Amino acid sequence: MKLKGDQSTARALNRRLILNLLRMEGPRSRADIATITGLSPAAVTFVVGDLCEEGIVVEGQAVTGLTGRRPIPVQINYEHGLAVGFKLMTDSVECVTTDLATNPLAAMRIPLAGHEPDYVADLLANTVPEMVKLAGRPHAKLAGIGISMPGVINDEQTACVRSHRFQWDNVPLASLVATRANVPVWLEDDTNAYAIAQQLFGLGRQHRNMAVLAVGVGISCALVIEGKLYRGANGAAGKFGHTLYEENGRVCECGKRGCLMAYHSEVSILRRWREATGYGKDKGLPELRSALAAGDEAAVALVEHSGKSIGTALANLVNITDPEVIVAGGEAVSFGDHFLGPLRDALAARTFRTAPPLLPDWEDNSWARGAAALVTQKMFDFELSSGFTDIGRTYAGGTQKSAG
């Protein structure tokens, strides 16, 4: 056990402090870092020296002014490493390779023919070399792999405790992939991973308290409280779509009746639109968007009703957690103002105080980039801030095995 005053613990905390400052503020001189963080100049010099030696931080160009040479700024070298992210869906996998700022370098989608854990682990591990090659950065090190999926994930980010869509219970997917790929692997609920990406480099970058709403196949809402993802006692926090909407109503994928997502997820909106119009399953999101653009009354009414219903339920969460902002993602965001307008109006009508800003996000690869952010997150986590290692050393679930 490390004691509170342990030198290695203090050094790790200093690393996290400096790296997070550079992430949020950009290049800073050593003197600026000492002033802003309150660390001694000697401590800053020591930590920055280590980070430069590891390639995580690089020195910028000094600017010469009238009074002489200015201090040399240092900045995070996001090109130093690569992260591979996999977003698991029921029938396919979104794959992305990013730098350490989650900027996408390569992306593709591959079919997922089954849900047997060993098959999934083989598929992901076998895809990693191709994703690294497609990134086109042969000198960058692979820092790790992030996997996101719908489900409850354990606190160690190694195992899926329960996933209704995959019918998994206690599947150690991160360890299964790590033993095949020989790099660190982290697993997380897809909305939680998306929230981590938003917190690190997205719309939540300057906020310590935010809600991240996702309306797609399901509905969920991750919470970042005082700069930390809130996981709950069992890793099941954020399952917003399973709140009650209608007593004894439609059966949800969880097996219970009347859940919010059984009526107002993107899948449920599509189903209800088809039921109202008599369309078959060949009509999907593109056709619904076209109907909305054309002002089709049935489409507009359904989507506006779902926006209002979700906004009303979301107001309850806002009244309890008081976030600074709400980031909204998922397929339903592509419905635009027909969905977001009623959502905002219902939110404003039901919140105790002024409703927080609702910031929509609909970028390509945003969910797979969320998976990649699981890797980058560890660079800012003092518990694992020991730099990167070469491929070929063996890990399991992000924890290095002893080499003896």
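The preceding data block contains the structure.
I will try to describe carefully the structure that is included in this document.

Thresholds, definitions, all that
Residues numbered from 1 in each chain as written. Predicted model: local features only at pLDDT ≥ 70, side-chain atom pairs only at ≥ 80, totals over all residues. Heavy atoms only, no water. Helix = DSSP H or I, 4+ residues; strand = E, 2+ residues; numbered from the N terminus. Buried < 20%, exposed > 50% of the residue type's maximum accessible area, 1.4 Å probe, protein only. Contact = heavy atoms within 4.5 Å. Pairing = 2+ DSSP bridges. Axes fitted to C-alpha atoms, helices over the stretch in contact; angles between N-to-C directions. Expected span 1.5 Å × (residues − 1). Parallel < 35°, antiparallel > 145°, perpendicular 65-115°, else oblique. Left-handed = near helix turned anticlockwise from the far one by under 90°. Nonpolar A, V, L, I, M, F, W, Y, C, P; charged D, E, K, R; others polar. Phe/Tyr/Trp six-rings, centres within 6.5 Å; stacked < 30°, edge-to-face > 60°.

1. A few points about the overall build of the chain
Scanning the chain for helices and strands turns up 12 helices and 20 strands. Its C-alpha atoms give the chain principal-axis dimensions of roughly 70 × 50 × 40 Å. Sorting the 404 residues of the chain into buried and exposed places 50% on the buried side. Restricting to contacts in the chain with at least 6 residues of sequence separation, those with at least 24 account for 62%.

2. So, the sheet that holds strand 11 (residues 160-163)
Pairing is antiparallel in the open sheet, where 3 strands are placed in the order 10-11-12. Only two strands of the sheet have a single partner each, and these edge strands are strand 10 (152-153) and strand 12 (168-171). As paired strands, strand 11 and strand 12 are joined by 3 bridges and run antiparallel to one another. Residue pairing across strands places R162 opposite D169, the latter belonging to strand 12.

3. What about the sheet that holds strand 18 (residues 358-360)?
Pairing within the open sheet is mixed, and its 5 strands lie in the order 16-15-14-17-18. The open sheet has two free edges, formed respectively by strand 16 (228-229) and strand 18, since each of these has just one partner strand. Here strand 15 (residues 219-225) pairs with strand 16 via 2 bridges, running antiparallel. Within strand 16, the position partnered with I225 by the bridge is K228. Its contacts with the sheet put helix 11 (residues 337-350) on strand 14 (210-215), strand 17 (325-329) and strand 18, and the angle it makes with strand 18 is roughly 165°.

4. Quick notes on helix 11
Across its 14 residues, helix 11 extends 19 Å between first and last C-alpha, which sits within 8% of the 20 Å expected from 1.5 Å per residue. F339, L340, P342, L343, A346 and L347 are the residues of helix 11 that are buried. Elements that come into contact with the buried residues of helix 11 comprise strand 14, helix 10 (297-321), strand 17 and strand 18.

5. Focus: the packing of helix 2 (residues 30-37) against helix 3 (residues 41-54)
Interaxial distance between helix 2 and helix 3 falls to 9 Å at its minimum, and their mutual angle equals 120°. Judged by the inter-axis angle, helix 2 sits oblique to helix 3. Considering only the axes of helix 2 and helix 3, their crossing is right-handed. Residue-level inspection shows R30, I33 and A34 of helix 2 in contact with helix 3, the latter providing P41, V44, V48 and C52. Looking at the contact of helix 2 with helix 3 residue by residue, the class counts come to 6 nonpolar, no polar and 1 charged.

6. A short note on helix 5 (residues 173-181)
Looking at helix 5, one finds that the buried residues are L173, A174, L176, V177, A178 and A181. Of the residues one or two after helix 5, N182 is the one with positive phi, at around 60°.

7. Examining the packing of aromatic side chains
Aromatic ring pairs: the centre-centre distance and the angle between the two ring planes describe each pair. Considering all chains together, one arrives at 6 aromatic pairs under this definition. Here Y194 and W367 contribute two aromatic rings whose centre-to-centre distance is 4.3 Å and whose plane-to-plane angle is 15°, an arrangement assigned as stacked. With Y194 in helix 6 (residues 190-201) and W367 in helix 12 (residues 366-379), the pair connects residues that are 173 residues apart, well separated along the chain. Like Y194, the residue W367 is buried in the burial classification.

8. Concerning the environment of A178
Its place among the elements puts A178 in helix 5. Between the C-alpha atom of A178 and that of D32, which follows or precedes it by 146 residues, the distance is 39 Å.

9. Notes on unusual backbone geometry
Positive phi, normally seen in glycine, also occurs at N182, with a value near 60°. The exposure class of N182 is partly exposed, given its relative accessible area of 26%. The phi torsion at D322 lies on the positive side, around 55°, for a residue other than glycine. In this structure, D322 sits in the loop between helix 10 and strand 17.

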